[in-house]
Amino acid sequence: RMAAAPSSLAATLAPTGSLDGATCYAACVSVFVPACDLLTQVLRTRKEEMKRSAALIVASCAALLDALRDWHEASVALRRKGDEKQNEKKRRLTNATDDDFLVIDSACRRGGAALACVYEEACSSGLNRYCAHLLADAVTCVCGGDAGVGPFAAVSLKPGMFALIDACGDRELGQIHAAFGSQAGGARRVALAALIEEHKRAHKYDGKV
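Below, the structure is looked at part by part. (Residues numbered from 1 in each chain as written. Predicted model: local features only at pLDDT ≥ 70, side-chain atom pairs only at ≥ 80, totals over all residues. Heavy atoms only, no water.)

The tally for this structure, following the rule as stated, stands at three salt bridges. Between Arg 44 and Glu 121 there is a salt bridge; the shortest N-O distance is 3.1 Å. Placement of the pair is Arg 44 in helix α3 (residues 21-45) and Glu 121 in helix α7 (residues 100-124), with a sequence separation of 77 residues. Of the residues examined, Arg 44 reaches a relative accessible area of 41% and is grouped as partly exposed. Judged by relative accessible area, Glu 121 falls into the buried class, the value being 11%. The residue Glu 198 makes a salt bridge to Lys 158 at a minimum N-O spacing of 2.9 Å. A residue pair is termed long-range when its members are at least 10 positions apart, and Glu 198 in helix α11 (residues 186-202) and Lys 158 in helix α9 (residues 150-167) qualify at 40 residues. A relative accessible area of 25% places Glu 198 in the partly exposed class. (Salt bridge = Lys/Arg side-chain N within 4 Å of Asp/Glu carboxyl O. Helix = DSSP H or I, 4+ residues; strand = E, 2+ residues; numbered from the N terminus. Buried < 20%, exposed > 50% of the residue type's maximum accessible area, 1.4 Å probe, protein only.)

Structure follows, in structure tokens:
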């Protein structure tokens, strides 16, 4: 049940309707980060049970990524509204301040860092082949442009994604590459290759690769 908690809380992370900075940041602090902390703790302290519930961990992480995507989408929408500024009345109708998107970006950054800790603990807990599923989901969301998690969350997620790469062998990485396909998945293939290359450069002298 603890492994599935983030999935069941997904509706509170990005409630239906327009999202403003206060709503996103409150969801990040009160729900998203605690959910990540819970997953990190159960992965650390109940490794054997979590191995049997690995699919639930993957689903929970996917739900958390979806929340980051919704927040970034809200940030993009607020930026567009701010750029329009056709008249003061329209600005009042948006219910958004000029700093709203900055607050959402901060929530994305903080949420990404918390989820990265879950990824790192998943690797330490020996989820084995499920690490490839976690990596594939993360890459898909990182390279989604305006429909993805956005640059702030993407940067915060990188330590966790590097850990997932470490946990995946060449075979698993090859399977992810193949699963992405050559058409719609082309951008994901490029993103995965770039991430692996960046990982190699970052660990060039520490013996990890």
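Turning next to the nonpolar core. Phe 32, Trp 71, Leu 115, Tyr 119 and Leu 135 are the most contacted members of the largest nonpolar core, which totals 58 residues. Mapped onto this core, the elements with two or more residues apiece are α3, α5 (54-84), α7, α8 (130-142), α9, α10 (170-180) and α11. Discounting residues that sit within four places of it in the chain, Tyr 119 has contacts with Cys 61, Leu 65, Leu 134, Ala 138, Leu 157, Gly 160, Met 161 and Leu 164. (Core = buried A, V, L, I, M, F, W, Y, C linked by side-chain atoms within 4.5 Å. Contact = heavy atoms within 4.5 Å.)

This part covers α8. For α8, spanning 13 residues, the distance from its first C-alpha to its last is 19 Å, which sits close to the expected 18 Å at 1.5 Å a residue. Looking only at α8, the buried set comprises Cys 131, Ala 132, Leu 134, Leu 135, Ala 136, Ala 138, Val 139 and Cys 141. (Expected span 1.5 Å × (residues − 1).)

This next bit is on the packing of aromatic side chains. The final tally for this structure, using the stated rule, is one aromatic pair. Measuring from ring centre to ring centre gives 5.3 Å for Phe 32 and Trp 71, while their planes differ by 50°; the resulting arrangement is tilted. Of the two residues, Phe 32 sits in helix α3 while Trp 71 sits in helix α5, which places them 39 residues apart along the sequence. Under the relative-accessibility criterion, Phe 32 is labelled buried at 0%. (Phe/Tyr/Trp six-rings, centres within 6.5 Å; stacked < 30°, edge-to-face > 60°.)

Moving on: unusual backbone geometry. Residues other than glycine seldom take positive phi values, yet Asn 128 does so here, at roughly 50°. Mapped onto the elements, Asn 128 comes out in the loop between α7 and α8.

Where α10 contacts α11, the two axes come as close as 8 Å, and the packing angle between them is 155°. On the basis of their axis angle, the class for α10 and α11 is roughly antiparallel. In this structure, α10 contributes Leu 173, Ile 176, His 177, Ala 178 and Phe 180 to the contact, and α11 contributes Arg 188, Arg 189, Leu 192 and Ile 196. Class assignment for the residues of the contact of α10 with α11 results in six nonpolar, one polar and two charged. (Axes fitted to C-alpha atoms, helices over the stretch in contact; angles between N-to-C directions. Parallel < 35°, antiparallel > 145°, perpendicular 65-115°, else oblique. Nonpolar A, V, L, I, M, F, W, Y, C, P; charged D, E, K, R; others polar.)

Attention now goes to the packing of α8 against α11. The contact between α8 and α11 brings their axes to 9 Å, and the two run at 110°. In this view, α8 runs roughly perpendicular relative to α11, as classed from their interaxial angle. The handedness of the crossing between α8 and α11 comes out as right-handed. Of the residues in α11, those touching α8 at Leu 135, Val 139 and Thr 140 are Arg 188, Ala 191, Leu 192 and Leu 195. For the contact of α8 with α11, the residue count by class is five nonpolar, one polar and one charged. (Left-handed = near helix turned anticlockwise from the far one by under 90°.)

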